[in-house]
Amino acid sequence: MAEKSVVRTDSAPAPFQGAPYSQGIRAAGLVFVSGQLALKPGDKELSGGSIEEQTEQVFANLRAILAEAGSGLDRLVKTTVFLQNLDDFQGMNSVYATHVGDAPPARSTVEVARLPSGALVEIEAIALL
């Protein structure tokens, strides 16, 4: 069985108090990043009111966790985007495109009824180490 190790950085929000999950897990040459919201480290309130602002903060969090794991946005292989409203797709997508480069990862995008803290967007990711 492959070993796994926890990824933890103060440069991204910590898991919600008492919640049993890690920011990321390294395993089998990959890093799995938990869904990220538009929270700055240490803040309890969302950063930004627009989908574009929230997506930018989500990518800042993803970047920080991936860097701590020894990876980066250029090593993404799969993302899942959760939108509170699918009408925000274009705004999210315009920011998303600036962060994923010329070889974007595979992606699923779904609308959900509700996201934690009233967020407009949450993104989880898998990347190569």
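Residues numbered from 1 in each chain as written. Predicted model: local features only at pLDDT ≥ 70, side-chain atom pairs only at ≥ 80, totals over all residues. Heavy atoms only, no water.

Observations regarding helix H1 (residues 51–69)
At step 1: In this model, H1 (19 residues) spans 27 Å end to end at C-alpha, consistent with the 27 Å of a helix rising 1.5 Å per residue.
At step 2: Among the residues of H1, Ile51, Gln54, Thr55, Gln57, Val58, Phe59, Asn61, Leu62, Ala64, Ile65, Leu66 and Ala69 are the ones counted as buried.
At step 3: Buried residues along H1 sit against strand E1 (4–7), strand E2 (24–27), strand E3 (30–36), strand E4 (76–83), helix H2 (89–100) and strand E6 (121–128).
At step 4: Note on H1: the residue one or two positions beyond its end, glycine 70, has a positive phi of about 95 degrees. (Helix = DSSP H or I, 4+ residues; strand = E, 2+ residues; numbered from the N terminus. Expected span 1.5 Å × (residues − 1). Buried < 20%, exposed > 50% of the residue type's maximum accessible area, 1.4 Å probe, protein only. Contact = heavy atoms within 4.5 Å.)

Side note on the environment of threonine 55
At step 1: Structurally, threonine 55 can be placed in helix H1.
At step 2: Looking at threonine 55, the relative accessible area reads 0%, which means it is buried.

Description of H2
At step 1: In this model H2 runs 16 Å from its N-terminal to its C-terminal C-alpha over twelve residues, within 8% of the 16 Å that 1.5 Å per residue would give.
At step 2: Of all the residues in H2, the buried ones are Gly91, Met92, Val95, Tyr96, His99 and Val100. The buried residues of H2 occupy an angular sector of 150 degrees when the element is viewed end-on, so they sit on one face. In H2, the exposed residues that point more than 90 degrees away from the buried face are Gln90 and Thr98.
At step 3: Those residues of H2 hidden inside the fold are in contact with H1, E4, strand E5 (106–111) and E6.
At step 4: Phi for glycine 101, located one or two positions after H2, is positive at around 75 degrees. (Arc of directions from axis to C-beta.)

With respect to the nonpolar core
At step 1: Core analysis: the largest hydrophobic core is formed by 25 residues, its most contacted members being Leu62, Val121 and Ile123.
At step 2: Mapped by element, the contributors of at least two residues to this core are E3, H1, E4, H2 and E6.
At step 3: Of all the elements, H1 adds the most residues to this core, at eight residues.
At step 4: With sequence-adjacent residues up to four places away left out, valine 121 is seen in contact with Gln36, Leu37, Ile51, Gln54, Thr55, Val58, Val81, Phe82, Leu83, Met92 and Leu115.
At step 5: Grouped together as the second largest cluster of nonpolar side chains are five residues, Leu37, Phe82, Leu115 and Ala119 included. (Core = buried A, V, L, I, M, F, W, Y, C linked by side-chain atoms within 4.5 Å.)

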